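Remarks on the overall topology
Chain residues, written in single-letter form:
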Amino acid sequence: MSFREDLKERLKDPDFAREYKALEPEYEIIKQIIMTRNEQNLTQKELAKRIGIKQSNISRLESGSYNPSLGFLKKVAIALGKELHIEFR
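Now for a description of the structure that goes with this document.

Thresholds applied
- Residues numbered from 1 in each chain as written.
- Predicted model: local features only at pLDDT ≥ 70, side-chain atom pairs only at ≥ 80, totals over all residues.
- Heavy atoms only, no water.
- Axes fitted to C-alpha atoms, helices over the stretch in contact; angles between N-to-C directions.
- Helix = DSSP H or I, 4+ residues; strand = E, 2+ residues; numbered from the N terminus.
- Parallel < 35°, antiparallel > 145°, perpendicular 65-115°, else oblique.
- Contact = heavy atoms within 4.5 Å.
- Nonpolar A, V, L, I, M, F, W, Y, C, P; charged D, E, K, R; others polar.
- Phe/Tyr/Trp six-rings, centres within 6.5 Å; stacked < 30°, edge-to-face > 60°.
- Buried < 20%, exposed > 50% of the residue type's maximum accessible area, 1.4 Å probe, protein only.
- Core = buried A, V, L, I, M, F, W, Y, C linked by side-chain atoms within 4.5 Å.
- Salt bridge = Lys/Arg side-chain N within 4 Å of Asp/Glu carboxyl O.

Look at helix α4 (residues 44-51) against helix α6 (residues 70-79): their axes get within 9 Å of each other, and the N-to-C directions meet at 110°. With respect to α6, the axis of α4 lies roughly perpendicular. On the side of α4, the interface is formed by L47, R50 and I51, while α6 contributes K75, V76 and A79. Among the residues making up the contact of α4 with α6, the classes are represented as 4 nonpolar, no polar and 2 charged.

Here it is as structure tokens:
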């Protein structure tokens with residue numbers, strides 16, 4: 001079973017679907033960081049060097065095991081040549 005198939009099946013459970021939806025903003029920012037870093041052909045180590053931190057911090061961020069501050073996300077955005085925008089919908 002692929003990840004997408006497994007996820008589709010799990011989302012049938014209302015409790016799982018609610019929790020998954022609650023984490024969507026975190027997953028979205030992680031996805032955007034990884035995608036932008038890869039588009040720029042940067043390694044985690046190279047991005048970390050631009051920010052002035054250890055590679056392990058980028059690894060934890062991208063794995064979702066680190067809850068970054070707004071200030072940290074601003075530094076990541078600047079290092080990637082991007083602007084950080086946060087909005088309520």
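Let's pick the thread back up.
Note that Q44 resides in helix α4. Note: C-alpha distance between Q44 and G64 (20 residues apart in sequence) is 14 Å. Discounting residues that sit within four places of it in the chain, Q44 has contacts with R37, Q55, I58, S59 and E62.

A word on the packing of aromatic side chains. On inspection of all chains with the given rule, the structure shows 3 aromatic pairs. Look at F16 and Y20: their rings are 6.2 Å apart centre to centre, the planes differ by 20°, and that puts the pair in the stacked class. Remark: Y20 and F16 occur in helix α2 (residues 14-22); sequence separation between them is 4 residues, near one turn of the helix. Overall, the relative accessible area of 28% leaves F16 in the partly exposed class.

With that out of the way, let us pick up the nonpolar core. By size, the foremost hydrophobic cluster in this structure holds 12 residues: I33, L42, L47, A48, I51, I58, L61, F72, L73, V76, A79 and L80. Taken together, the elements giving at least two residues each to this core come down to α4, α5 (55-63) and α6. At 4 residues, the largest contribution of residues to this core is made by α6.

Next up on the list: unusual backbone geometry. Positioned with a positive phi, N41 is a non-glycine residue whose angle comes to about 55°. With respect to the helices and strands, the residue N41 is situated in the loop between α3 (24-39) and α4. Since its relative accessible area comes to 66%, N41 is described here as exposed.

Here the focus is the pattern of salt bridges. Applying the stated criterion to the full structure yields 7 salt bridges. The closest approach of N and O atoms between E9 and K12, which form a salt bridge, is 3.2 Å. When the shortest N-O distance is used, the salt bridge between E62 and R37 registers 2.7 Å. Placement of the pair is E62 in helix α5 and R37 in helix α3, with a sequence separation of 25 residues. Neither residue differs from the other here; E62 and R37 are each classed as buried.

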